[in-house]
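Chain and residue survey
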Amino acid sequence: MGQILDAFLAGRQQAAPTGAAAPAESGFDRGVRWAREVLLPAIERADAELVPSRIRFVVDTNLDPRSTNHAHVDFWLAPLEHDGTTPQGQRHSINVRDGEVWLYRQGADGENLGRVDAVDAARCEKMLARAAQDYGRQCLG
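The structure contained in this document is the topic of the report that follows. Everything numeric here is computed off the predicted structure, so don't read it as measured data.

As a further point, take the packing of aromatic side chains. In total, this model carries two aromatic pairs according to the counting rule given. Relative to F75, the ring of F57 has its centre 5.8 Å away and its plane inclined at 65°; by these criteria the two rings are edge-to-face. You can see F57 sitting in strand β1 (residues 55–62) and its partner F75 sitting in strand β2 (residues 71–79), a full 18 residues away along the chain. The class for F57 is buried, based on a relative accessible area of 4%. Judged by its relative accessible area of 0%, F75 is buried. Where W102 meets Y104, the ring centres are 6.3 Å apart and the plane angle is 20°; that geometry is what we call stacked. The class for W102 is partly exposed, based on a relative accessible area of 26%. With a relative accessible area of 29%, Y104 lands in the partly exposed category.

In structure tokens form, the structure reads like this:
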């Protein structure tokens, strides 16, 4: 091999990472990952369950770091087809800040649901079931 090629290959050897740790995931990225991997799939499963009742969860997400400083997902229940008589449900806002999942509902204080690693699919399903129960009462009232 030539001297220049040897130098190039030696330089690549020296620059190659040797098990260096990946950069730490930011709080924002951790919230986005949790929303995409835990919350949104739980909502999709809940929607599938609700089809016979002709209602669904409507979701509005903001997972763009250019427009917010935390992962944010809003959801509410609504009829599959707007018939003009069935109301939409109360908006629920999920905010993930500093690794904590917060639920905000109209007329209530924010509720800390826990750390992102502790708020799993089962906890999301409980929260969604509570929203569905509230919506059921609203539709009859």
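Turning to helix α2 (residues 27–50), a few remarks are in order. Here α2 is 24 residues long and its end C-alpha atoms lie 33 Å apart, about the 34 Å a rise of 1.5 Å per residue gives. Maximum bend of α2: about 40°, positioned at A35. Inspection of α2 places F28, G31, V32, W34, A35, V38, L39, L40, A42, I43, A46 and L50 among the buried residues, and these make up the whole buried set.

Before going further, it helps to spend a moment on the pattern of salt bridges. Tallying each qualifying case throughout the model produces nine salt bridges. Of the charged contacts in the structure, one is a salt bridge between E125 and R45, with a shortest N-O distance of 3.5 Å. Separated by 80 residues along the polypeptide, E125 in helix α3 (residues 121–140) and R45 in helix α2 bring together distant segments of the chain. Residue class for E125 comes out partly exposed when judged on its relative accessible area of 38%. The exposure class of R45 is partly exposed, given its relative accessible area of 40%. Look at the salt bridges and you will find they share partners, linking R105, D134 and R137 into a network.

Below, the discussion takes up the sheet that holds strand β3 (residues 92–97). Read from one edge to the other, the open sheet built from five strands follows the order β1-β2-β3-β4-β5, with strand pairing classed as antiparallel. Looking at which strands have only one partner, the edges of the open sheet turn out to be β1 and β5 (111–115). Between one strand axis and the next, the sheet turns by 20° as a mean value, whatever way the strands run. Pairing of β3 with strand β4 (residues 100–105), which is carried by six bridges, proceeds in the antiparallel orientation. Residue pairing across strands places I94 opposite L103, the latter belonging to β4. Against the sheet, α2 engages β1, β2, β3 and β4, with an angle of about 165° to β1.

Calculation notes
- Residues numbered from 1 in each chain as written.
- Predicted model: local features only at pLDDT ≥ 70, side-chain atom pairs only at ≥ 80, totals over all residues.
- Heavy atoms only, no water.
- Phe/Tyr/Trp six-rings, centres within 6.5 Å; stacked < 30°, edge-to-face > 60°.
- Helix = DSSP H or I, 4+ residues; strand = E, 2+ residues; numbered from the N terminus.
- Buried < 20%, exposed > 50% of the residue type's maximum accessible area, 1.4 Å probe, protein only.
- Expected span 1.5 Å × (residues − 1).
- Bend = angle between axes of the 7 residues up to and from the residue.
- Salt bridge = Lys/Arg side-chain N within 4 Å of Asp/Glu carboxyl O.
- Pairing = 2+ DSSP bridges.
- Axes fitted to C-alpha atoms, helices over the stretch in contact; angles between N-to-C directions.
- Contact = heavy atoms within 4.5 Å.

All we've got here are geometric facts, nothing functional implied.
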